[in-house]
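# Geometric and topological summary
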Amino acid sequence: MSSWLPLSSGERSVAIEVLVHGPLSRTELARRLDLSQGSLTRLTKPLIESGLLVEVPEAGAPVQVRQGRPSQPLDVVAESRAFLGFKITEDMVYGVVTTLRSEVVARLDRPLTGHDPADVADLLAEMAAEPAVSHPALAGIGIGVGGLVRERAVVGESPFLGWRNVPLAELVQERTGLPVVVENDVAALVEAETWFGAGRGLDRFVVLTIGAGFGYGLVLGGRRVPYAEEDRGFGRHLIINPEGPLTPDGARGSAVSLLGIPSIRYQIRAATGRDATYEEILAAAAAGEPMASRVIDEAARALGTLVAQIANFAMPQKILLAGEGVGLMDVAGGTVRETIAAHRHPQAAPVGLETKISDFHDWARGAAVLAIQVLVLGADRA
């Protein structure tokens, strides 16, 4: 396996531009990075020689042997490195193997039978050993955890795992010998969508996740904005409707009380005495069942209010709704959009709203992108 690290700052800029937006012609690369053709040639030559970049045919054009300065577009060799991403839940570890461009090439899941940090690290090491045979170019591991994470290494607090100040990156690195990065799971998903997903190439971008909880991520200038509350469940205190429902998982009328799947199920159970899955509640609302319709309508209006206020203040080019709870849009998307319009200036530009139902493997892919960033950017820049 050839080595292409460390990269100079100029080489890193070229590599990232091609990785995220490629394949790109040399002319386009020079324009994007404001470089002369001579400077670009100097920067791309070692990247090609080391095997990170490769010349590819233009779309629809046959491969030709050319004389003189190469003119074919440049692309990364996506299979030159592989990365592991893990999403840890209360009872499962979901894993994926990705290429350098975050394409998932394998999945591996294991039940989590206990929460002792050493045992969890052992399990992650066992899971990392499985793809090492078929993917010998493993270059790093990313781990996503719901909770407070410090310095992309230490799980400061994770209520569902019962952890405080667990040096998870160190524990896993000791067992695998691979670089390890740990991050809050929502932050990891935002990074993945910024580099390789819905936010690619956007200057201002927002991710909202609704599911077991509520998550928010803001991207400005193409970079995620970190903030202290992102790992502390601030949606429990973000009040959308002061007269809204009071649930065990959040303050009255908070984003979590109105939109979280456990809260929606709690409201139905409290009103009917019956336990129902989120999918069953959505189906009942779609069929016009009164109680389910009321709860889902209230959730839809809360989501529309929230999206409108984010659009009013953050002015993003796009808002991505992600998570296992976005099936709400299939049933009550009209109510969401009507509420957005009601809370926006009549002449305001339409909100760029995109939805993506994310399973736990998408969250694991987000963690793998963290490892990609560390390798390409360096640990001090990722």
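Look up a bit, the structure's there.
The shown structure was predicted, so the numbers you read here are calculated from the model rather than taken from an experiment. Note that residues are indexed from 1 along each chain, following the sequence as it is written. Two thresholds apply to this predicted model, a pLDDT of at least 70 for residue-level local features and 80 or more for giving and counting side-chain atom pairs, whereas whole-chain, interface and lining totals are computed over all residues. As a convention, hydrogens and water are excluded, and side-chain values are obtained from all of the structure's heavy atoms.

### A look at the layout of surface pockets
Estimates place the volume of the second largest pocket at around 540 Å³. Lining the second largest pocket are 25 residues, with Thr194, Trp195, Gly222, Arg223 and Arg224 sitting closest to its centre. Strands are runs of DSSP state E lasting at least 2 residues, helices are runs of H or I lasting at least 4, and numbering of each runs from the N terminus. Of all elements in the fold, only helix H1 (9-21), helix H6 (185-196), strand E13 (223-224) and helix H12 (360-377) reach the threshold of two or more residues within the lining of the second largest pocket. Counting residues per element, the lining of the second largest pocket draws most heavily on H1, at 5 residues. Side-chain classes follow a simple rule in which Ala, Val, Leu, Ile, Met, Phe, Trp, Tyr, Cys and Pro form the nonpolar group, Asp, Glu, Lys and Arg form the charged group, and the remainder, Gly included, forms the polar group. Across the lining of the second largest pocket, the residue classes break down as 8 nonpolar, 8 polar and 9 charged. A pocket, in this scheme, is an open set of points on a 1 Å grid over the protein atoms alone with protein on both sides within 12 Å along at least 5 of 7 lines, while a cavity is a set where a 1.4 Å probe fits but cannot get out; residues line either one if an atom lies within 4 Å of a point. Grid points are joined across faces, edges and corners, and a volume is the space filled by probe spheres set on the points.

### Here we look at the nonpolar core
Side-chain atoms within 4.5 Å link the members of a nonpolar core, which is a set of buried Ala, Val, Leu, Ile, Met, Phe, Trp, Tyr and Cys residues. Relative accessible area decides the class of each residue, using a 1.4 Å probe on protein chains only: under 20% of the type maximum gives buried, over 50% gives exposed, and in between gives partly exposed. Within the largest apolar cluster, 39 residues are counted, with the highest numbers of intra-cluster contacts made by Leu208 and Leu303. Sorting elements by how many residues they give to this core places helix H10 (residues 290-314) first, with 12 residues. Contact criterion: two residues are considered in contact whenever any of their non-hydrogen atoms come within 4.5 Å of each other. With sequence-adjacent residues up to four places away left out, Leu208 is seen in contact with Phe214, Gly215, Tyr216, Leu303, Leu306, Val307, Ile310, Ile319, Leu320, Leu321 and Ala322. Membership of the second largest hydrophobic core comes to 33 residues, among which are Leu29, Phe83, Val181 and Leu370.

### Description of the pattern of salt bridges
Here a salt bridge means any side-chain nitrogen of Lys or Arg lying within 4 Å of a carboxyl oxygen belonging to Asp or Glu. Summed over all chains, the structure comprises 21 salt bridges. For Arg224, the salt bridge is made with Glu183, and the minimal N-O distance between the two is 3.6 Å. Here Arg224, found in strand E13, pairs with Glu183, found in strand E10 (residues 180-184); they are 41 residues apart in sequence, far enough to count as distant. The two residues Arg224 and Glu183 agree in class, both being buried. Residues Asp275 and Arg265 are paired through a salt bridge, measuring 3.1 Å at the closest nitrogen-oxygen approach. Of this pair, Asp275 sits in the loop between helix H8 (261-272) and helix H9 (278-286) while Arg265 is found in helix H8, placing the two residues 10 residues apart along the sequence. Each of the salt bridges in this network shares a partner with another, and the network as a whole consists of Glu17, Glu28, Arg31 and Arg32.

### A look at the sheet that holds strand E7 (residues 148-150)
Pairing between strands requires that DSSP locate at least two bridges from one strand to the other. Here 3 strands make up an open sheet; going across it, the order is E7-E8-E9 and the pairing antiparallel. The strands lining the two open edges of the sheet, one partner per strand, are E7 and strand E9 (163-166). Neighbour-to-neighbour, the strand axes of this sheet turn through a mean angle of 15 degrees, independent of strand direction. As judged from the 3 bridges shared by strand E8 (residues 154-158) and E9, these two strands associate in the antiparallel manner. Opposite Val155, over in E9, you have Val166 as the bridge partner. Axis definition: a line fit to C-alpha positions, over the contact stretch in the case of helices; interaxial angles, taken between N-to-C directions, run 0 to 180 degrees.

### Let's talk about unusual backbone geometry
The omega torsion across Gly22 and Pro23 is 5 degrees, close enough to zero to call that bond cis. On the secondary structure map, Pro23 appears in the loop between H1 and helix H2 (26-33). A positive phi angle is found at Asp34, which is not glycine, with a value near 55 degrees. Within the secondary structure, Asp34 sits in the loop between H2 and helix H3 (37-49).

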